[in-house]
Amino acid sequence: MVLESTVLVKSTDFSARDIKFSHNNMIKIERRRDQFTAVLSNLVLFVGVFVFRWDPHLILFFYWFEAGIVVIREVIQSLFAELPPSEEYCPSGSKATFPLKELADVRGGLQLTRLLPPIYPRNVPYALMTVIQLIAFWPFGGLVLTGIATSFVEPLVLPSSAALGILAIVGHQLIQLVSWFRSSNYKTVAATGGISKTYLALLFLLAFIAPVIIGAVQTVGVAQVGLSLILIGSKVVYDILEFRKPRFVQSTMFIDETVGEEPTVKIPDGKTVAEFHTDWRAALIVSLFRGILFSFVMPTVLFVLVGGLIGGIVSGTLSGAIAGAATIIAIRTFFQIFVGWITIRPIVYRVYPDAVVVYNRLTGEAQEIISREEIEYVGPVPNSSRVRLW
């Protein structure tokens, strides 16, 4: 019997070692694939300069487009980040105003499909913060680069060959996204640990600074081919640095450690004495009123005013302005109902002899535990479907 037990342990050790070796090999394969697609993407730009005569302004346009796609990829990845953000970057510890910050305290994730890891509601405020900044910079940057919104940049007409550059950029980012999932990188990062901040800063430089510099250099007499090669060479250097030291971008943008710790909620031993469910109708009404109320609080009220302004300009009537503002209020209310669907509707209060556990059925995680000493009463309100806890 001892011999059989020893053999079994050795076999188990070999299996674990074999799995670890296989995982490391997969990471190496995915990394090489990323490097290959990055090289291919840069080669497409080189071919475009020499074969299709792409000028520096078109190269800037490609980099503007790529920066926006990278930020979108980072937003998608941040939703799946398994580790919690550190206190320095949580809504409670940051001076920044986070959208839907109620979701930052939700424990657990939502498994939407077996093909993907869980999405963590606590990451949504960070993703939305990035999306708002992207909406503010990316479209306007494109208008500047193409000369539509400014007079100091020559109008840019995209040639048919530009589709090749756009396809190469999108393909590269899609492959990187798939590699990120296949390598299980989501298990080692927090929602704040991406590189979207760098690319948001890059969007500003590409849209407002680079065109002025390119125009000034061209007036001196530098050839367009030379300028295009300098731009592509700078991107190649950046890619090399990123592959040789993957975390160097994060270290330049984040001062503190981005990954924090999430204390676990220890469920008491024994059986539950009682269980109280949240009324979904009450959750809907509360979320509806919150959405309307928050629409008139900073910073959402700014979007409401902008929506009313755009509606008034487009229609030229007061009713159009009201419709524009009402549209923004409806969108904000919809998001608040979404928050209530995650934070209020699935909540169950499980009463134990020594404590009450606040449990979220949607994420399958205990959210909070309240000891008996802190509670005077748990039970239904007379002549009502509500539950009172104090």
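We now turn to the structure provided with this report. Every residue gets a number counted from 1 within its own chain, in the order that chain's sequence is written. Where totals are concerned, whole chains, interfaces and linings use all residues; where local detail is concerned, this predicted model gives features only for residues with pLDDT of at least 70, and gives and counts side-chain atom pairs only at 80 or more. Side-chain metrics in this entry use all non-hydrogen atoms of the structure; hydrogen atoms and water are not considered.

Examining the overall build of the protein chain
Okay, so step 1: Strands are runs of DSSP state E lasting at least 2 residues, helices are runs of H or I lasting at least 4, and numbering of each runs from the N terminus. Helices and strands together make up the secondary structure of the protein chain, namely 10 helices and 6 strands.
Okay, so step 2: Working rule for contacts: check all heavy atoms of both residues, and any pair within 4.5 Å makes them a contact. Look at the contacts in the protein chain between residues 6 or more apart in sequence, and 72% of them connect residues 24 or more apart.
Okay, so step 3: A total accessible area of about 22900 Å² is found for the protein chain, and carbon and sulfur atoms account for 66% of it. Residue exposure ignores everything except the shown protein chains as possible cover, and the areas themselves are Shrake-Rupley values with a 1.4 Å probe.

Side note on the packing of helix α2 (residues 56–79) against helix α6 (residues 224–244)
Geometrically, a packed helix pair is captured by the angle between its two axes and the distance between the axes.
Okay, so step 1: Comment: axis = line fitted to C-alpha atoms, over the contacting stretch for helices; angle = value between 0 and 180 degrees taken between N-to-C directions. Running from amino to carboxyl end, α2 crosses α6 at an angle of 20 degrees, the nearest separation of the two axes being 8 Å. Taken together, α2 and α6 sit at an angle that is classed as roughly parallel. Along the contact surface, α2 presents Pro56, Ile59, Leu60, Tyr63 and Glu66, while α6 presents Gln224, Leu227, Ser228, Leu231, Ile232 and Lys235.
Okay, so step 2: Any residue that is not Ala, Val, Leu, Ile, Met, Phe, Trp, Tyr, Cys, Pro, Asp, Glu, Lys or Arg is counted as polar, Gly included; the first ten are nonpolar and the last four charged. Classifying every residue of the contact of α2 with α6 by side-chain character gives 7 nonpolar, 2 polar and 2 charged. These descriptions rest on fixed angle ranges, namely under 35 degrees for roughly parallel, over 145 for roughly antiparallel, 65 to 115 for roughly perpendicular, and the rest for oblique.

Things to note about the environment of Lys235
Okay, so step 1: One can find Lys235 in helix α6.
Okay, so step 2: Relative accessibility decides the category of a residue: with a 1.4 Å probe and only protein chains considered, values under 20% of the type maximum give buried, values over 50% give exposed, and everything between is partly exposed. Lys235 sits in the buried class, given a relative accessible area of 12%.
Okay, so step 3: Measuring from C-alpha to C-alpha, the distance between Lys235 and Tyr63 comes to 8.8 Å, with 172 residues separating the pair along the chain.
Okay, so step 4: Discounting residues that sit within four places of it in the chain, Lys235 has contacts with Asn42, Tyr63 and Glu66.
Okay, so step 5: Polar contacts, as counted here, are pairs of nitrogen or oxygen atoms within 3.5 Å of one another; within protein the pair requires one atom able to donate a hydrogen and one able to accept it, and residues that are adjacent in sequence qualify only if both atoms are side-chain atoms. A distance of 3.5 Å separates a polar atom in the side chain of Lys235 from a polar atom in the side chain of Glu66.

So, the nonpolar core
Okay, so step 1: Ranked by internal contacts, the top residues of the largest apolar core, which has 29 residues, are Leu45, Trp54, Ile59, Leu60, Phe62, Tyr63 and Trp64.
Okay, so step 2: Of all elements in the fold, only α1 (2–51), α2, α3 (124–145), α4 (162–182), α5 (196–220) and α6 reach the threshold of two or more residues within this core.
Okay, so step 3: Residues within four places of Tyr63 in sequence aside, it is in contact with Leu45, Leu206, Leu231, Ile232 and Lys235.
Okay, so step 4: Core analysis: the next-biggest nonpolar cluster, separate from the first, contains 8 residues, Phe80, Ala81, Leu177 and Phe181 among them. Definition used in this section: a nonpolar core is a set of buried Ala, Val, Leu, Ile, Met, Phe, Trp, Tyr and Cys residues joined via side-chain atoms within 4.5 Å.

What to know about the packing of helix α8 (residues 280–294) against helix α10 (residues 318–343)
Okay, so step 1: Contact geometry for α8 and α10: axes closest at 8 Å, N-to-C directions at 140 degrees. Our classification of the angle between α8 and α10 gives oblique. Pair α8 / α10 crosses with right-handed handedness. Side by side, α8 and α10 meet where Leu284, Ser287, Leu288, Arg290, Gly291, Ile292 and Phe294 of the first sit next to Arg332, Thr333, Gln336, Ile337 and Gly340 of the second. Less than a right angle of anticlockwise turn of the near helix away from the far helix marks a crossing as left-handed, whereas a clockwise turn marks it as right-handed.

Side note on the packing of aromatic side chains
Okay, so step 1: Only centres within 6.5 Å qualify two rings of Phe, Tyr or Trp (six-membered ring in Trp) as a pair; their planes then separate them into stacked at under 30 degrees, edge-to-face at over 60, and tilted for everything else. Here the structure, examined in full by the defined rule, presents 11 aromatic pairs.
Okay, so step 2: Arranged with centres 5.3 Å apart and planes meeting at 35 degrees, the rings of Trp64 and Trp138 form a pair that is tilted. Remark: Trp138 occurs in helix α3 and Trp64 occurs in helix α2; sequence separation between them is 74 residues. Neither Trp64 nor Trp138 differs from the other in exposure class; each is buried.
Okay, so step 3: Here a set of aromatic residues connected by ring pairs shows up, and it is made of Phe52, Trp54, Phe61, Phe62, Trp64, Phe65 and Trp138.
Okay, so step 4: One Lys or Arg, Arg350, reaches over the ring of Tyr359 and ends 4.0 Å from the middle of that ring. Definition used: whenever NZ (Lys) or CZ (Arg) falls within 6 Å of the ring centre and also within 35 degrees of the ring normal, the charge is taken to sit over that ring.

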